[in-house]
Amino acid sequence: MQLFSREYLRDIFTKPTNYINTNRGKEYYDSLYKKMEKRLAKLKAQKPVREAEIKFEELLDTWELTRRDFLKWVSATTAMLMLPPQFEPLVAQAAEVMNRVPIIWINIQDCAGNTEALLRSATPTVDELILEYLSVEYHEVIMAAAGDQAEANLEKAVKDFDGKYILFVEGSIPVGMPEAFTIGRHAKTGVEHVKHLAEHAAAVVAVGSCAAFGGVPAAHPNPTGAVGVMDVVKGKPVVNIPACPANPANITGVVIHYILTGELPELDSLLRPKFAFGYRIHDNCERRAHFDAGEFVEEWGDYGAKNNFCLYKMGCKGPFTFNNCSIIKYNEGTNWPIGVGRGCIGCSEPEFWDKYATERPVADSPIQPPAGRGVESTVDEFGLGILTATAIGIGIHAVASALAGKKDEVKESE
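This report concerns the structure included in the present document. Predicted, not measured: the structure shown is a model, and the values here were computed from it.

Side note on the sheet that holds strand β1 (residues 102–107)
Piece 1. Spatially, 5 strands are ordered β2-β1-β3-β5-β7 in an open sheet, and the strand pairing comes out parallel. Here the strands that pair on one side only, and so sit at the sheet edges, are β2 (135–139) and β7 (238–241). For this sheet the average axis-to-axis angle between neighbouring strands, irrespective of direction, equals 20°.
Piece 2. Alignment of β1 against strand β3 (residues 166–170), held across 5 bridges, turns out to be parallel.

Structure follows, in structure tokens:
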């Protein structure tokens, strides 16, 4: 029985994917521009959360970032947020009033990898400057206070900025073993801690895959009953920024959007911002041409590995993973996993550790694809079904491409 027609396979692997509508018409953008202008005017009229803080221009000088560096960042961020170039002045203004929005950042069941990714930068970037310029009222990893003093600082921030602060949560929530993360002298469990702070927040941002979907702590057998923030927080807007670690550019993008509009960005069915997770890694991969040509790395160190062939047969999960890693990259934008010869492990997808992290093609795993679906379908089209996307279709395409390539080689040798 033939699972997929030749035309179907050709279409899903050659036709461009349109996950996001990036051009909504002049009327829409004119209205949005006016809305953002009004929002920024309101923020400019407010005093900074901490009046003694250094001004934005002075911070640029301190970090030895020129105005040109900043404007380049503005252009890139405007494009990342899928806004036309005429919005660049507004994005620049938004960056300069970031200190009007208070931030509370907590760590639950995590390795602090997202915080470390920000702290361990080789050279400061504008994204990191933006995150430093924010009025972070509480951050357990980087603040000097501890014990009762830290607890008092947190409660003061909650009281002073009730309903105004953005709550960032890093790490999964241990609902099956809440006593495993009891916090402070007053013995508040991790679950109670998150619920309490979310109740008084304007919005909640789950940073990293652990906070978004449970991540590594939720891997089998999940002894703590780890879940994502969205499974615990109800009645408040939640945005997930998964990946291990989350990219600082995506964190900044969410905050900038909130500054510009007073709202969270458009989200997919997994509550991920579409501007960052509306792209499938497979479609923007620099090795995609080798996939289409049936050229794969068969084992580490072989001819294909030395010539940047596709890593699908070595377990790359790019065809099943939604993220903009290949576009904005990591380490000051210099590279990303596939760029250095390591396949994607799907870290921005739910249950990635159990389903995707092993070095084997999904076609060889027990994961079953949803009937009649292709990997080109978006995460919104059938929700969590994308997590078991068409491994069979990809396997057939890979084999067909490889056979076609071998036939061409035979013809050339004759």
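Concerning a nonpolar patch on the surface
Piece 1. Taken together, the side chains of L119, V141 and I142 present a nonpolar region at the surface, about 260 Å² in accessible area.
Piece 2. By the element assignment, L119 lies in helix α6 (residues 113–119).

Focus: the side chain of E349
Piece 1. Residue placement: E349 occurs in the loop between α15 (325–328) and α16 (352–355).
Piece 2. Of the residues examined, E349 reaches a relative accessible area of 0% and is grouped as buried.
Piece 3. Reaching out from E349, the side chain makes a polar contact with the backbone nitrogen of F322 at a distance of 2.8 Å.

Here we look at the pattern of salt bridges
When charged atoms on two side chains of opposite charge get close, those side chains can pair.
Piece 1. Following the criterion strictly, the structure yields 11 salt bridges and no others.
Piece 2. Note that E263 is salt-bridged to K35, the shortest N-O span being 3.0 Å. Of this pair, E263 sits in the loop between α11 (248–261) and α12 (274–277) while K35 sits in helix α2 (residues 26–45), placing them 228 residues apart in sequence.
Piece 3. With a relative accessible area of 42%, E263 lands in the partly exposed category.
Piece 4. Across the pair K156 and D160 runs a salt bridge, and its minimum N-O distance is 2.6 Å.

Examining α2
Piece 1. With 20 residues, α2 extends 29 Å between its outermost C-alpha atoms, agreeing within 8% with the 28 Å of an ideal straight helix rising 1.5 Å per residue.
Piece 2. Those residues of α2 hidden inside the fold are in contact with α5 (88–96) and α11.

The rules behind each value
Residues numbered from 1 in each chain as written. Predicted model: local features only at pLDDT ≥ 70, side-chain atom pairs only at ≥ 80, totals over all residues. Heavy atoms only, no water. Pairing = 2+ DSSP bridges. Helix = DSSP H or I, 4+ residues; strand = E, 2+ residues; numbered from the N terminus. Axes fitted to C-alpha atoms, helices over the stretch in contact; angles between N-to-C directions. Patch = residues over 30% accessible without salt bridge, like charges linked within 9 Å, V, L, I, M, F, W, Y side chains within 5 Å. Areas by Shrake-Rupley, 256 points an atom, 1.4 Å probe, with all protein chains shown as cover. Salt bridge = Lys/Arg side-chain N within 4 Å of Asp/Glu carboxyl O. Buried < 20%, exposed > 50% of the residue type's maximum accessible area, 1.4 Å probe, protein only. Polar contact = N/O pair within 3.5 Å; in protein donor to acceptor, adjacent residues only side chain to side chain. Expected span 1.5 Å × (residues − 1). Contact = heavy atoms within 4.5 Å.

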